[in-house]
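# Geometric and topological summary
Chain by chain, the residues run as shown.
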Amino acid sequence: MSLYNTVLVTGASAGFGYAIAELLATNGYKVVACARRAEKLKALAAKSSNIYPFELDVTDEKSVESILSKLPAEFQKIDVLVNNAGLALSQDKAFDCKVDEWKTMVNTNINGLLYMTHALLPQMVKRNHGYIINIGSTAGCWPYTGGNVYGGTKAFVEQFSRNLRTDLKETAVKVTVLKPGLCGNTEFSNVRFHGDSAKAESVYTDTRSIGPEDIANTVLWLLSTPAHMNVNDMEIMPVCQTYGGLAVTRK
Ligand code: NDP
Ligand code: 8X3
């Protein structure tokens, strides 16, 4: 028996968010599935009456702030927020990047996550009941060439999650930052490389990466953990991936 009934997942039109929403609905949770592409959400919602599709751009502060008032009564008491919506744009070195792409990553991965948290956390605290799962990334812990701002936004997600849990220490509201590594079968690399599918696929060539179902199963497990236990931080890599050590440039 889970402690929670109703879950809101951002970025539910593809990848992790889609898999999380589908698996949780199959397991009896009521799920508010949010993203910008309404037609993808509609297809997801057709799979289960437990899913309520909700078109939302997480960077639109006003829409996010009023979200609870726009949901049907049976989906309004959000117990769990999965802050999953996010993206990387390009893997160019910092001196070759476009500032607009940096802004989009900051607006989505940081500001969007903050707006969602600000909108949904007070009712969790009021009820002394809730769980926020923030999707970070190994990119927030381990630098790589071209990871510049994307990795920076995910480092923010990690430290914000820790600070959030600290602010919540007198409550039963849980916080986890879940940090996946190389993960295929999502739109992530296609978005990052602006629809260049050959380049996107090459990221996963000859690997057995983790998949969205692994992340969805992890979220399902997190929600099953007992009331007295908080998983602060979880980093998950495929077995084919590990630390690369420090780089030395020699003359
Ligand atoms: P996908 O590109 O497959 O999915 C991203 C989701 O985010 C889509 O549903 C997209 O929906 C949504 N989204 C993007 N921008 C917005 C916005 N402004 N408002 C609302 N929704 C938005 O990527 P993944 O599933 O792979 O990634 C999900 C999360 O996991 C991201 O935060 C990513 O950084 C992180 N991550 C991914 C890893 C990977 O290797 N795949 C590894 C580690 C972390 P729509 O376009 O319809 O709005
Ligand atoms: C996605 C993982 O390594 O492509 O967050 O940045 S990585």
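Quick summary incoming for the structure in this document. (Residues numbered from 1 in each chain as written. Chains lettered and ligands numbered in written order. Predicted model: local features only at pLDDT ≥ 70, side-chain atom pairs only at ≥ 80, totals over all residues. Heavy atoms only, no water.)

## Regarding the overall build of the chain
- If you tally the helices and strands in the chain, you get 9 helices and 7 strands.
- When burial is assessed residue by residue, the chain has 48% of its 251 residues classed as buried.
- At a minimum sequence separation of 6, the contacts of the chain that also span at least 24 residues come to 69%.
- Approximately 12700 Å² of the chain is accessible, and the part contributed by carbon and sulfur atoms is 53%. (Helix = DSSP H or I, 4+ residues; strand = E, 2+ residues; numbered from the N terminus. Buried < 20%, exposed > 50% of the residue type's maximum accessible area, 1.4 Å probe, protein only. Contact = heavy atoms within 4.5 Å. Areas by Shrake-Rupley, 256 points an atom, 1.4 Å probe, with all protein chains shown as cover.)

## Here we look at the site of ligand 1
- Taken together, the neighbourhood of ligand 1 is formed by 28 residues, with Ser13, Arg36, Arg37, Tyr150 and Thr186 sitting nearest.
- Interatomic distance of 2.9 Å between a backbone N/O atom of Val58 and a nitrogen atom of ligand 1.
- Within the backbone of Asn84, a nitrogen or oxygen atom sits 2.8 Å from an oxygen atom of ligand 1.
- The fraction of the free accessible surface of ligand 1 (880 Å²) that becomes covered by protein chains is 96%.
- Every element with two or more residues in the shell around ligand 1 is listed here: α1 (15–26) and α6 (148–167).
- Along the lines of polarity and charge, the residues of the shell around ligand 1 split into 12 nonpolar, 11 polar and 5 charged. (Near = heavy atom within 4 Å. Polar contact = N/O pair within 3.5 Å; in protein donor to acceptor, adjacent residues only side chain to side chain. Nonpolar A, V, L, I, M, F, W, Y, C, P; charged D, E, K, R; others polar.)

## Brief notes about the sheet that holds strand β1 (residues 6–10)
- The 7 strands lie next to each other as β3-β2-β1-β4-β5-β6-β7, forming an open sheet whose pairing is parallel. If you trace the sheet from one side to the other, it starts and ends with β3 (51–55) and β7 (233–236), each paired once. Neighbouring strand axes in the sheet, compared pairwise and without regard to direction, differ in orientation by 15 degrees on average. (Pairing = 2+ DSSP bridges. Axes fitted to C-alpha atoms, helices over the stretch in contact; angles between N-to-C directions.)

## A short note on the packing of aromatic side chains
- Applying the stated rule across the entire model yields 5 aromatic pairs.
- The ring centre of Phe75 lies 5.0 Å from the NZ or CZ of Lys30, which sits over that ring. (Phe/Tyr/Trp six-rings, centres within 6.5 Å; stacked < 30°, edge-to-face > 60°. Lys NZ or Arg CZ within 6 Å of the ring centre and 35° of its normal.)

## With respect to the site of ligand 2
- The full set of residues close to ligand 2 is Ser137, Ala139, Tyr144, Tyr150, Phe188 and Arg192.
- Between ligand 2 and Ser137, the relevant distance is 2.5 Å, taken from an oxygen atom to a side-chain nitrogen or oxygen of the residue.
- Within the complex, the protein chains bury 80% of what would otherwise be the 240 Å² of accessible surface of ligand 2.
- Here the residues of the shell around ligand 2 are counted per class, giving 4 nonpolar, 1 polar and 1 charged.

## Some details on α6
- Here α6 spans 29 Å end to end across 20 residues, near enough to the 28 Å set by a 1.5 Å rise per residue.
- Within the span of α6, buried status applies to Val149, Tyr150, Gly151, Thr153, Lys154, Val157, Glu158, Phe160, Ser161 and Leu164.
- Buried-residue contacts for α6 involve α5 (99–127), β5 (131–135), β6 (174–180), α7 (188–192) and β7. (Expected span 1.5 Å × (residues − 1).)

## Comments concerning unusual backbone geometry
- In this model, Ser90 sits at a positive phi of 70 degrees, which is unusual for a non-glycine residue.
- The residue Ser90 is located in the loop between β4 (80–83) and α5 in this model.
- The phi dihedral of Asn185 falls on the positive side, at around 60 degrees, and the residue is not glycine.

By themselves, these figures tell us nothing about what the structure is for.
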